[in-house]
Amino acid sequence: MVHLQICQGTTCYVMGAAQLASLATTLPDDLRGRVRVTGCRCLGLCRDGAFGGAPYVTLDGEPLACATTESVLAALRARLA
Ligand code: FES
């Protein structure tokens, strides 16, 4: 089981995390039941000028910057392979 945490802080939210939140209900069949999806407040990764990397997610605590639905799914599949 991988824990996918989607930042819902303001910076990430406006940079695309709002769309990522739909992963909680739209995981593909090969990932369903193998990923726990939660939202969280600002992870603190957008500070110090790093807001260009938003939106951020973490996979088991490991950050992924500039997250898109495609990049998150690829990272999840790589982790679960
Ligand atoms: S708002 Fe997402 S890391 Fe700060």
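The structure under discussion appears in the preceding block.
Residues numbered from 1 in each chain as written. Predicted model: local features only at pLDDT ≥ 70, side-chain atom pairs only at ≥ 80, totals over all residues. Heavy atoms only, no water.

### Digging into the overall build of the protein
So, step 1. When helices and strands are counted, the protein shows three helices and four strands.
So, step 2. Each helix and strand of the protein, placed in order from N terminus to C terminus, yields the pattern β-α-α-β-β-β-α.
So, step 3. Each of the three principal axes of the protein carries a C-alpha extent, and together these read 35 × 20 × 20 Å.
So, step 4. By residue count, 33% of the 81 residues in the protein fall in the buried class.
So, step 5. Look at the contacts in the protein between residues 6 or more apart in sequence, and 67% of them connect residues 24 or more apart. (Helix = DSSP H or I, 4+ residues; strand = E, 2+ residues; numbered from the N terminus. Buried < 20%, exposed > 50% of the residue type's maximum accessible area, 1.4 Å probe, protein only. Contact = heavy atoms within 4.5 Å.)

### Let's talk about unusual backbone geometry
So, step 1. Following alanine 54, the chain continues into proline 55 via a peptide bond in cis, with omega recorded as 0°.
So, step 2. Tracing the sequence through the fold places proline 55 in the loop between strand E2 (35-40) and strand E3 (57-59).
So, step 3. Positive phi, normally seen in glycine, also occurs at aspartate 60, with a value near 50°.
So, step 4. Its location among the elements puts aspartate 60 in the loop between E3 and strand E4 (62-64).
So, step 5. For aspartate 60, a relative accessible area of 43% corresponds to the partly exposed category.

### So, the pairing of strand E1 (residues 2-7)
So, step 1. Here E1 runs beside E2; their pairing, made up of six bridges, is parallel. When the sheet's bridge partners are listed, cysteine 7 is paired in E2 with cysteine 40.
So, step 2. Note that E1 and E3 share three bridges and pair antiparallel. From the neighbouring strand, leucine 4 faces E3, where its bridge partner is leucine 59. (Pairing = 2+ DSSP bridges.)

None of this, on its own, says anything about what the molecule does.
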